[in-house]
Every structure is written in structure tokens, then in C-alpha cells.
Amino acid sequence: HAKRDGGDRIEAFRTTTSDTAAARNPLDVDLKTAIDNREVQILFQPIFDLSNGQLAGAEALMRWHHPQRGAISPSEFIPLAERAGLIEKLGRVVIEQTSSQLKNWLSGGEMDKNFFLSINLSAQQLSSETMLNDMRSLVSTNPKIAQRFLLEVTESQVMTSPEHSAYVLDSLKSLGFRLALDDFGVGHSSLSYLHRFPFDFIKIPSTFVQLDERHGIAQTQMPIMKSIMSLSHDLDLKVIAEGAESDEEVARIQGLGCHYAQGFAFSKAISGGEFEQLLAKDAKSRKQAARDAEQRA
Ligand code: C2E
Ligand code: MG
Ligand code: MG
Ligand code: MG
């Protein structure tokens, strides 16, 4: 065990700017082992259609269950994985786990034909050829599953190298993937370049979605949200609001014409098994809604 740790530590030193930081952070060493030991898992946060309340899709969110530290957030270990050269391996874990879940769900026969499963891509995945090749092979071996994926990238990732990003995103799009711009409005110069990329969705971060009357945030967000909605309409983009926690927040984004939402108001991220039950429940309510419509006609 000591020998394996030592080998990984050298790798961490090579790719980290500060040796002392790496020495203080044994997580770099653990992550490779964690991936091999399947301590990294995927949870699914449901995404709902605000026009009819039905299940529209899910976002796959990674979790690292560390034997000593407990659950570690992806915001903490994704940067680490990038530094340690493990992001491609981690990216494959996500694709493999989500593909196998999708296979299960599809065989259950309860998934709506437009259902999407979104996965997050990291900056390095977007800039290297590996992810694109992984996606090409996914499409060739499993076209039915590939067309269910929605791929999320953030503005700052795209803007690091706009030309190359445009090439990668165009390639993914022509493979049949749907694309989302995550955390819209957090970066800068969003409006001027948005039309250059083949996005289908934009995702509004919780900072614009959550209300905080005490700090006057509700007032300042309104014009921002309104302009995002009108922009998305003009560019024919669907909007997903993130981090809706209260009924009031849901009502407000609904009133603004936002198409989809996710957040604790609906559900936190749940396991694949729990999600399967949700799919069954949703299929039932869709069937009921169809019967009701038939009776009215
Ligand atoms: P994100 O893509 O913007 O994901 C949304 C984050 O908001 C998730 O945090 C989710 O759990 C959290 N969230 C959802 N609803 C609510 C809510 O109502 N209230 C609050 N306070 N939070 C809510 P999480 O799972 O910790 O992920 C953090 C970030 O890590 C993600 O931000 C994404 O950028 C990244 N990430 C997650 N999974 C992956 C992955 O598989 N690959 C890559 N490259 N990045 C990932
Ligand atoms: Mg995301
Ligand atoms: Mg986001
Ligand atoms: Mg976010």
C-alpha cells in the first residue's frame, strides 16, 4: 500500500505548482485508489418541466465517499483530478455509470421520449481530444443511449479557448448530443458570443434564482432574469433554473417563463435506484394526464 501511495505522490508533485500544497493534501493520492475502488459514484438530481410539473430529465452529479472523510464535493475533487491527471479516467467513470443507468431506465420502458440526462464536463475534458473520442465510441456502440445525453460546460471553460471549444462543441452536436451552457451569467461577455456556440439550453445558477429579500437580491435579480429570458427566447434556447429551494422561488421563475427547474424545492440528488421509482411514478401520471385529456375531448 505504501509503495502505491509513493508512486502516486510523485505524480502529484510533478503536476502541482506547489510541492508543499501537494504534500499537505493526501487527497491527491487517494483519488486514484478511490476511482479504482468505486468510491466515486453518481447521483441524479431530477429536473422538472415547469409548464406541466412533469419529470423532464436529470443532472448526474458525482460523489466521492471517502472512507475517512465521508462525502467530498465535486467542487473540491474535480480540480484535484485535473491537477493529478485523473480527469479523463473520472470522466469515463461518469460516462460508464450514467450509460448503464440509462440502459436500465430505457429497458423499464417508462422514460419520456424527450428525457435528457445531463453530465458535466470539466475544462480539461473540453480542451483535450480524449473526451471527444470517448463520445464518438459511445455513439458508435450505443446510439440509443448517446442521444439521451445533455452535455454541460461552463462559460469560463468555453472562453479559455473559444476557437477550440467551438470545434469540440460543434463536433459533439453533430454526433447528436444536446448541449447546455452551465452557470450562465457567472462569467463575462456572455451575450456577445453566445450565438457562436451550438447550445440547446442555458442553465441559470442559484445566485439568480434564490431570493433574499433582506439583502435586496430579489429586486436586483429581476431585470437580470428578465433579460436572460428574452435573450434565450431570441436565440431559441431552453432555460433551466438551478437551486430553486422554496415554493416562492419556483413561482417566480415560473412566472418569468423559465422552462425547467431543479433544486431542493423539488428534490436533491438521489441514487439511480430511487430515480427509477421516480420515473415509474412520472410515467403513471403522464398516462393519467393522457387519459384525462382523452375524456375531455
Ligand atoms: P453544477 O453543475 O452547477 O451543479 C449544481 C450544484 O448545485 C450541485 O452541487 C447540486 O447538488 C447543487 N444544488 C442543486 N440544487 C440545489 C439547491 O436547491 N440548493 C443548493 N444550495 N444547491 C443545490 P454539487 O453536486 O456539489 O456539484 C458542484 C459542481 O461540481 C457542479 O456544479 C459541477 O460543476 C461539478 N460537478 C458535479 N459532478 C460533476 C461531474 O461528474 N463531472 C464534472 N466535470 N464536474 C462535476
Ligand atoms: Mg451542471
Ligand atoms: Mg450549474
Ligand atoms: Mg453551480
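Let us look at the structure shown here. Since we're looking at a predicted model, the values are computed, not measured.

Within the secondary structure layout, His66 lies in strand S2 (residues 55-66). Within the local environment of His66, its side chain forms a polar contact with the side chain of Asp30, the two groups lying 2.7 Å apart. A polar atom in the side chain of His66 sits 3.1 Å from the backbone nitrogen of Gln68.

Okay, the packing of helix H7 (residues 129-141) against helix H10 (residues 162-174) next. Between H7 and H10, the least distance of the axes is 10 Å, while the angle of their chain directions is 5 degrees. Taken together, the axes of H7 and H10 lie roughly parallel to each other. Mapping the contact onto sequence places Glu129, Met131, Leu132, Met135 and Arg136 in H7 and His164, Tyr167, Val168, Ser171 and Leu172 in H10. Here the residues of the contact of H7 with H10 are counted per class, giving six nonpolar, two polar and two charged.

Let us look at the pattern of salt bridges. Note that side chains of opposite charge can pair when their charged atoms are close. A full pass over the atoms with the stated rule returns nine salt bridges. Residues Arg286 and Asp112 are paired through a salt bridge, measuring 3.5 Å at the closest nitrogen-oxygen approach. Of the two residues, Arg286 sits in helix H15 (residues 272-296) while Asp112 sits in the loop between helix H5 (87-108) and strand S4 (116-120), which places them 174 residues apart along the sequence. The class for Asp112 is partly exposed, based on a relative accessible area of 25%. Several salt bridges converge on common partners, so that one network encompasses Glu59, Glu152, Lys203 and Glu242.

Ranked by internal contacts, the top residues of the largest apolar core, which has 78 residues, are Leu172, Phe199 and Phe275. Residue contacts for Phe275: discarding those within four places in its chain leaves Phe44, Pro46, Leu55, Gly57, Ala58, Trp105, Phe115 and Ile270. Ile47, Ala56, Ala180 and Ile240 belong to the second largest nonpolar core, which has eight residues in total.

Here the focus is the coordination of the magnesium ion (ligand 3). As a benchmark, a tetrahedral metal site with four donors has ideal angles of 109.5 degrees, while an octahedral site with six donors has ideal angles of 90 or 180 degrees. Protein-derived coordination of the magnesium ion (ligand 3) comes from Asp182 (OD), Asp183 (OD), Glu242 (OE) and Glu242 (OE), at a distance range of 2.2 to 2.4 Å. Mapped onto the sequence, the residues coordinating the magnesium ion (ligand 3) show the spacing D-D-x58-E. In this structure, the magnesium ion (ligand 3) lies 3.9 Å away from the magnesium ion (ligand 2), the two metals sharing Asp182 as a donor. Of the two residues, Asp183 is situated in the loop between strand S6 (178-182) and helix H11 (190-193) and Glu242 in the loop between strand S8 (238-241) and helix H14 (247-255); the sequence distance between them amounts to 59 residues. Owing to a relative accessible area of 26%, Asp183 belongs among the partly exposed residues under this scheme.

Attention now goes to the coordination of the magnesium ion (ligand 2). Those protein atoms acting as donors to the magnesium ion (ligand 2) are Glu59 (OE), Asn120 (OD1), Glu152 (OE) and Asp182 (OD), and they sit at 2.0 to 2.3 Å. Within one chain, the residues donating to the magnesium ion (ligand 2) are spaced in sequence as E-x60-N-x31-E-x29-D. Looking at Asn120, the relative accessible area reads 31%, which means it is partly exposed.

Further remarks concern the pairing of strand S5 (residues 149-154). Taken residue by residue, a regular strand's side chains alternate between the two faces of the sheet. When you tally the buried positions in S5, you get six out of six residues, the bulk of the element. By the alternation rule, side chains of S5 split into Phe149, Leu151 and Val153 and Leu150, Glu152 and Thr154, which are all buried. As judged from the four bridges shared by S4 and S5, these two strands associate in the parallel manner. Paired with Asn120 across the two strands is Glu152, which belongs to S5. Bridge analysis of S5 against S6 gives five bridges, and the strand direction is parallel. Each bridged residue has a counterpart across the sheet, and for Val153 the counterpart in S6 is Leu181.

Throughout the structure, instances matching the rule amount to 11 aromatic pairs. Taking 6.1 Å as the distance between ring centres and 55 degrees as the angle between the ring planes, the aromatic pair formed by Phe197 and Phe199 counts as tilted. Both residues of the pair, Phe197 and Phe199, count as buried. Chaining the aromatic ring pairs together yields one cluster made of Phe44, Trp105, Phe115 and Phe275.

Basis of the calculations
Residues numbered from 1 in each chain as written. Chains lettered and ligands numbered in written order. Predicted model: local features only at pLDDT ≥ 70, side-chain atom pairs only at ≥ 80, totals over all residues. Heavy atoms only, no water. Helix = DSSP H or I, 4+ residues; strand = E, 2+ residues; numbered from the N terminus. Polar contact = N/O pair within 3.5 Å; in protein donor to acceptor, adjacent residues only side chain to side chain. Axes fitted to C-alpha atoms, helices over the stretch in contact; angles between N-to-C directions. Parallel < 35°, antiparallel > 145°, perpendicular 65-115°, else oblique. Contact = heavy atoms within 4.5 Å. Nonpolar A, V, L, I, M, F, W, Y, C, P; charged D, E, K, R; others polar. Salt bridge = Lys/Arg side-chain N within 4 Å of Asp/Glu carboxyl O. Buried < 20%, exposed > 50% of the residue type's maximum accessible area, 1.4 Å probe, protein only. Core = buried A, V, L, I, M, F, W, Y, C linked by side-chain atoms within 4.5 Å. Donors = N, O, S within 2.8 Å, 3.2 Å for Na, K, Ca; no water. Pairing = 2+ DSSP bridges. Phe/Tyr/Trp six-rings, centres within 6.5 Å; stacked < 30°, edge-to-face > 60°.

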